[in-house]
Amino acid sequence: AAVAIPLATGMDLCKSSGDLWISSYHYAYRFPSKGDDSLRVRLKQVPEMVELPKLKQVEAITTDEKGRVWVTSEGSPAKMQRVLPKD
């Protein structure tokens, strides 16, 4: 199944979990790692959609060394907020 990700703005691969994260203006899409699956295989999965914090316009996504996910918006100074995945 293919999932369209409208207005994708950023992507990061979490080093601690192997999860792939893609951001858009309103959602983060998490493609979980299932071990040694390739990026091509992972992108064919249906991702988990996580609502983003209310920012003006999300432009980037990153993960830190603890596996936490962060997004930032455009503007100066750019605001940065944590994404809280569903557990």
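All values reported here derive from a predicted model rather than from experimental measurement. Throughout this description, residue numbers start from 1 for each chain and increase along the sequence as written. Residue-level local features of this predicted model are given only where pLDDT is at least 70; pairs of side-chain atoms are given and counted only at 80 or more, and the full residue set underlies all totals for whole chains, interfaces and linings. Based on all heavy atoms of the structure, the side-chain values leave hydrogens and waters out of the count.

**Student:** What exactly am I supposed to notice about the overall build of the protein chain here?
**Tutor:** A run of DSSP states H or I qualifies as a helix once it reaches four residues; a run of E qualifies as a strand once it reaches two. Both are numbered from the N-terminal end. What the protein chain contains, in helices and strands, is 1 helix and 7 strands. Between the two quantities, the radius of gyration covers C-alpha atoms and the globule rule is 2.2 Å times the number of residues to the power 0.38. For 87 residues, the compact-globule formula gives about 12 Å, and the C-alpha radius of gyration of the protein chain, at 13 Å, lands near that figure. Seen through its principal axes, the protein chain has C-alpha atoms that stretch 40 × 30 × 20 Å. Considering the protein chain as a whole, with its 87 residues, one finds that 34% of them fall into the buried category. Contact criterion: two residues are considered in contact whenever any of their non-hydrogen atoms come within 4.5 Å of each other. Considering only intrachain contacts with a sequence separation of at least 6, the fraction spanning at least 24 residues in the protein chain is 36%. Partly exposed residues are those whose accessible area sits between 20% and 50% of the maximum for their type, while under 20% is buried and over 50% is exposed, using a 1.4 Å probe and protein chains only.

**Student:** What exactly am I supposed to notice about the pattern of salt bridges here?
**Tutor:** When their charged atoms lie close together, side chains carrying opposite charge are able to pair. Salt bridge, as used here: a side-chain nitrogen of Lys or Arg that lies within 4 Å of a carboxyl oxygen of Asp or Glu. One pass over the structure, following the stated rule, counts 4 salt bridges. For the salt bridge of Glu-48 with Arg-30, the shortest nitrogen-to-oxygen distance reads 2.9 Å. On the criterion of sequence distance, the pair formed by Glu-48 in strand E4 (residues 48–51) and Arg-30 in strand E3 (residues 27–31) is long-range, its members being 18 residues apart. Judged by relative accessible area, which is 22%, Arg-30 ranks as partly exposed.

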